[in-house]
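Geometric and topological summary
Below are the chains, spelled out letter by letter.
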Amino acid sequence: MMYNEKVMDHFTNPRNVGDIEDADGVGEVGNPTCGDMMTIYIKVKDDILTNIKFKTFGCGAAIATSSMVTEMGIGKTLEEALKITRDDVADELGGLPPIKLHCSNLAADALHKAIEDHMRKKQ
Ligand code: FES
C-alpha cells in the first residue's frame, strides 16, 4: 500500500469539499509537475478562519492534503494559518510517499493565496 491509513481516510472521505459563494478570499494554484488544480475558499471573521472549503482536480494525495489543510486551518488566525507549511500538511497526514510530495505543495500554497487575496480585498 502506497498511502497510509490517514491519507486514505482523507482521500476517500474528504472534509470540507465544495465552494463558498460569498467567500472572503479565494486561492487557486496549479501544480507545474502534473497540471493538477486546486482552489481554496475562505470565510474570515475578526481575523479568524471560520470556514474553509476546497475543490481539487488532482490525484489522491492532492485531495487528501486539501482536506487536511482545511481541518488544520479552520479556527486559526490568519497569521497562524500563514505559518502552515507544505511540510506541516504532509506531516499531519503521517507522511506521503516521496514521489507524491510535490502533490502536497498545493494545499498550503492555495490556503496562503486565499488569505493574501482576502488581505488585498480588505485594504
Ligand atoms: Fe498532480 Fe498529485 S499528481 S497533484
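Residues numbered from 1 in each chain as written. Predicted model: local features only at pLDDT ≥ 70, side-chain atom pairs only at ≥ 80, totals over all residues. Heavy atoms only, no water.

**Let's talk about the overall build of the protein**
The criterion, for reference: Only DSSP runs of H or I covering at least 4 residues are called helices, and only runs of E covering at least 2 are called strands; the numbering of each starts at the N terminus. The reference for a compact globule is 2.2 Å times residues^0.38; the radius of gyration itself is calculated from the C-alpha atoms.
A tally of regular secondary structure across the protein gives 5 helices and 3 strands. Ordered by position from the N terminus, the helices and strands of the protein form the series α-β-β-β-α-α-α-α. Computed over its C-alpha atoms, the radius of gyration of the protein comes to 13 Å, within 12% of the 14 Å expected for a compact globule of 123 residues. Taking the principal axes of its C-alpha atoms as reference, the protein extends roughly 45 × 25 × 25 Å.

**Comments concerning a negative patch on the surface**
Just so we agree on the cut-off: Residues form patches when they are more than 30% accessible in relative terms and have no salt bridge. Like charges link within 9 Å. Nonpolar side chains (Val, Leu, Ile, Met, Phe, Trp, Tyr) link within 5 Å. To measure how exposed things are, a 1.4 Å probe is used in the Shrake-Rupley method; for residues, cover is taken only from the protein chains shown. Should a side-chain nitrogen of Lys or Arg be within 4 Å of a carboxyl oxygen of Asp or Glu, the pair is scored as a salt bridge. For the purpose of charge, His is not counted, nor are the chain termini; Lys and Arg are scored as positive and Asp and Glu as negative. Lys charges are placed at NZ, Arg charges at CZ, Asp charges at CG and Glu charges at CD.
A cluster of acidic side chains, namely Asp87, Asp88, Asp91 and Glu92, defines a negative patch on the protein surface. With respect to the helices and strands, the residue aspartate 87 is situated in helix 4 (residues 86-92).

**What to know about the packing of helix 2 (residues 60-73) against helix 5 (residues 101-122)**
Quick reminder of the rule: Angles run from 0 to 180 degrees between N-to-C directions of axes, and those axes are lines fitted to C-alpha atoms, restricted for helices to the stretch in contact. Should the near helix be turned anticlockwise from the far one by less than a right angle, the crossing is left-handed, and should it be turned clockwise, the crossing is right-handed. We call two residues in contact whenever any of their non-hydrogen atoms come within 4.5 Å of each other.
Packing of helix 2 against helix 5 leaves a shortest axis separation of 8 Å and a crossing angle of 35°. Between helix 2 and helix 5 lies a crossing of right-handed hand. Here Ala61, Ala62, Thr65, Ser66 and Val69 of helix 2 come into contact with helix 5, specifically with Cys103, Ser104, Leu106, Ala107, Ala108 and Leu111.

**Digging into the sheet that holds strand 2 (residues 37-45)**
Sheets are built from strands that pair by backbone hydrogen bonding, the pairs being arranged parallel or antiparallel. Note the following rule: Between any two strands, pairing holds if DSSP finds at least two bridges.
With antiparallel pairing, the 3 strands of this open sheet are ordered in space as 1-2-3. The strands lining the two open edges of the sheet, one partner per strand, are strand 1 (25-30) and strand 3 (48-57). Averaged over all neighbouring strand pairs, the angle between strand axes comes to 15°, with direction disregarded. With 6 bridges connecting them, strand 1 and strand 2 associate as antiparallel partners. Across the sheet, residue glutamate 28 finds its bridge partner in strand 2, namely threonine 39. Here helix 2 sits on the sheet and contacts strand 2 and strand 3; the angle it forms with strand 3, its principal contact strand, is near 175°.

**What about helix 5?**
To keep it simple, the criterion reads: Multiplying one less than the number of residues by 1.5 Å gives the expected span of a helix.
When the terminal C-alpha atoms of helix 5 are compared, their 33 Å separation across 22 residues agrees well with the 32 Å that a helix rising 1.5 Å per residue should span. Contacts made by the buried residues of helix 5 are with strand 1, strand 2, strand 3, helix 2, helix 3 (78-82) and helix 4.

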